[in-house]
Each structure stands twice: as C-alpha cells, then as structure tokens.
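So you can see what is in the structure, the chains are spelled out below.
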Amino acid sequence: MPAAPQPSRPRVTPLYPPNVFEKMTRLAARHGAVNLGQGFPDTDGPRWIRALAAEAILEGHANQYASGRGDPALRRAVAGHQRRHHGLEIDPDREALVTTGATEGIAAALLALVQPGDEVVAFEPFYDSYAAITARTGARFVTVPLPAPDFLPDPAALEAAITPRTRLLLLNTPHNPTGAVVPAGILARIVEVCARHDVLILSDEVYEHLVFDGAHRPAASVPGGWDRTLTVSSAGKSFSLTGWKIGWVTGPADLVDAVYSVKQFLTYSSGPAYQPAVARALEDGDGFLAGQREAYRAARDELVAGLRRAGLDPVVPAAGYFTVTDLSPRGVRDASAAAAVLAERAGVVGIPVSALCSPPAAPGEAPPLASWMRWAFCKSPAVLAEAVDRLQRLPRALGG
C-alpha cells in the first residue's frame, strides 16, 4: 500500500544570514588563524566577581526568575555608578531597567519606541544589530557617514538627514568600530539638533570605561539631553564578562517603562546569579576598571605598532576594543574578499568594516569603507604578540 502523502508546510527561510562575527570566527577556526575579529576578551573578569555568582548558584539563592525590572541591588548600583562617574541622579526604581545585555536593551527600546513609517537615524559604520532590529519595527533606517580618518559625527549632516518622520537617533559613543569618542562640543550640538526636531536619542555607551584619550560624556548629561535620552550600557565590556549578558537602560521613567513593556515579552528577566555580582562590581570595581583601561591602552599601542610595521596606517582609537585600517594602499579594494586570503596566508582574521555599513544603493556599487578592516586588541599579551608577528606576513599575503 503506498504511503499516505505527507502534508506540506510553508517553506521557512532565515530572516538574516549568519552575522559577520560568526562568519569570521568560523574562518579563523578553519585556518587556525588568530581571531582579531569578534570583540570578546580572551581573559575573564575578576575572580572575586565570578566567585560571587558561583556562590549564589551553589547556595540556591539565584536560580529562579529575577525581578523583571532587575535585582533592586543592581538597579541601585547602576544609579550609584551614574551619579559617581557622570553626575546623573537616577531613581533606581523608576529610571533604571536591567536587560539581557546591551543588545537586548537596544532591541527592546527600538521595538518600544519606533513604529512602521518612522525613521531611525544612525551614524555609519554601526553595530550591525541596529539595522536588523530597526527593520523588524517597520521603520526606515537612515545612515549618516562618519568621515575617515577621525570618524567624528557632523551635526550639520545629521540635521540634513532628519525629516518629519525621524523618530530616534541611535548614537554610539565611544564608537564601535572606530574607537572615536564624541567631544563635548559636538555632543552638545547633536543634542540641540535632536531637541529642535523633537527626536529621541538612544545612546549606546558600552565602552564608557575603555577611554584612553579624552573623556567620555553621556548624551544624557548634556543640557537638554536627559529628557529625550535612553542610555544603554553593560557589564560585558567594562568587566570582561561578555558572556554574562547583563546590561541596563537608564533614562526618564516613561521611556524606561516603554522599554520594559517590550523586555518583559523578550526574556522577562536576566541572569539572577549574575545581577548581584555585577552590583558589587559596579560598587567596588573602580580599581579593576582603571587597571583594565591601562592594559588595553598598552594592547592598543602594540597592535597599532604592529600594523604600522606591516606597512599600514591604522587609526589610533581613543577608546574601545578596536582599531581600523584602510587596506587600499596595499591594493585591496574589497576587505571582505581579503579576509579569507589573510586567514589562509597570514593566519590572522579581522572584520571588514563594510559589514558594519549599509549595503550599496545599487548593484555593482562598492559598499561604504569597502577597503577598511577592523582589528580587535582585547586579547591576552601572548595572543596579541602572536597576531602582531603574523601581521608581518600581510604584505606578502596580499601580493605586495
């Protein structure tokens, strides 16, 4: 008897291909290359912080759902951190929300505040989730280029991009991938432009404690900034605990409430064992933050020197985990294609900066910053030394 026909079902296609970080990590593994692509440290944060989380798990105090808004101790610690470091007075019960990493905070904010037909403006290049989540809201994603080599935003260009449909500016300072820190004067002008056009600001400030040159100033601390700004940060970058995925959103109570209204249906609550540990880290970890900043400053300088010896002219980042270089002096027009060559022939992997930009407007056009590569220096001294040694093969690997 013939088998009964099986009912068909709709064909399912992934909304997005694997992101560039996953692709480059696979490429590094395939060729045994040093991975200077994805921005994660290869050393863990302080043992005393990790021990607090481990104890909470083993003692059974933190294995069930946490409060949806976050552990009250962590929200108080976030408020204390904002007061101590930035002079911002925050009500921990109404103006702070714990999220499952900064990425969830950004996603929940966009889903809460942006509607179909709105426009979201971001400076380019940008963290790739900005465009992906904006697309899910039904809004239009509008970019304003950051000109090389300083990669500082132009408030006049921002204003020219704003239309009556512009709902929100997605700001990132210190900036990924370029390491630029928006100076106070430019930041004040950005806030003034947004206030004049009644545009909200979602400010991604996860690299706030990794500033080597100059100083970080939150958008919310600028006169006129608080009432329209949601600030996102996290423990991942600050304390080298990226896998814990503990972030927070702060800002006016009505905006935070809107973010929570979405977050409750995404993860509901976030890592209950990690939250009290991060609270203690924010309260007692300033010494670690200062030491880590100096260690990464040395790592930055080592990688920049190694890239220069390889015949490149890297941007010296003022903050963050990364430096960027233009490969065009070595005859490279497409850093995406060069990534595979460098993984195989030089044994080192970066991230093409074009992957953090909008796609070309027309087929056949080169994407923005097509010849630029991003390199991470948030690595142990031994790994970074090996990477710098391999980078000296770069001219030969590229045929130069």
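Read on for a plain summary of the structure. Model, not experiment: these values are computed from the prediction.

### With respect to the overall build of the protein
For step 1, the next point in the chain: Helix and strand counts for the protein stand at 14 helices and 12 strands.
For step 2, the next point in the chain: Computed over C-alpha atoms, the radius of gyration of the protein comes to 22 Å, within 12% of the 21 Å expected from 2.2 N^0.38 for 400 residues, which places it in the range of a compact globule.
For step 3, the next point in the chain: In the protein, which comprises 400 residues, the proportion classed as buried is 55%.
For step 4, the next point in the chain: Long-range pairs, those at least 24 residues apart, make up 76% of the contacts in the protein between residues at least 6 apart in sequence.
For step 5, the next point in the chain: Total accessible area computed for the protein in this model is approximately 17,300 Å², and 53% of it derives from carbon and sulfur atoms.
For step 6, the next point in the chain: Taking the average location of the 38 positive side-chain charges in the protein and that of its 40 negative ones, the two points are 6 Å from each other.

### Quick notes on the packing of helix 3 (residues 72-86) against helix 10 (residues 274-284)
For step 1, the next point in the chain: Relative to each other, helix 3 and helix 10 sit at 20 degrees, their axes nearing to 8 Å. By the criterion of interaxial angle, the relationship of helix 3 to helix 10 is roughly parallel. Seen along the crossing, helix 3 lies across helix 10 with a hand that is left-handed. Note on element contacts: helix 10 touches helix 3 through Q275, V278, A279, L282 and E283, opposite A73, L74, A77, V78, H81 and R84.

### Topic: the side chain of S358
For step 1, the next point in the chain: Residue placement: S358 occurs in the loop between strand 11 (351-352) and strand 12 (372-376).
For step 2, the next point in the chain: Assessed through its relative accessible area of 19%, S358 is described here as buried.
For step 3, the next point in the chain: Here S358 is in contact with E124, F126, T143 and P368, once residues within four sequence places are set aside.

### With respect to the sheet that holds strand 9 (residues 322-326)
For step 1, the next point in the chain: Strand order across the open sheet formed by 3 strands is 9-12-11, with antiparallel pairing between neighbours. Looking at which strands have only one partner, the edges of the open sheet turn out to be strand 9 and strand 11.
For step 2, the next point in the chain: Strand direction decides the pairing type here: strand 11 and strand 12, joined by 2 bridges, are antiparallel. The residue bridging P352 from the neighbouring strand is M373, located in strand 12.

Rules used throughout
- Residues numbered from 1 in each chain as written.
- Predicted model: local features only at pLDDT ≥ 70, side-chain atom pairs only at ≥ 80, totals over all residues.
- Heavy atoms only, no water.
- Helix = DSSP H or I, 4+ residues; strand = E, 2+ residues; numbered from the N terminus.
- Rg over C-alpha atoms; globule rule 2.2 N^0.38 Å.
- Buried < 20%, exposed > 50% of the residue type's maximum accessible area, 1.4 Å probe, protein only.
- Contact = heavy atoms within 4.5 Å.
- Areas by Shrake-Rupley, 256 points an atom, 1.4 Å probe, with all protein chains shown as cover.
- Lys, Arg positive; Asp, Glu negative; His and termini not counted.
- Charge placed at Lys NZ, Arg CZ, Asp CG, Glu CD.
- Axes fitted to C-alpha atoms, helices over the stretch in contact; angles between N-to-C directions.
- Parallel < 35°, antiparallel > 145°, perpendicular 65-115°, else oblique.
- Left-handed = near helix turned anticlockwise from the far one by under 90°.
- Pairing = 2+ DSSP bridges.

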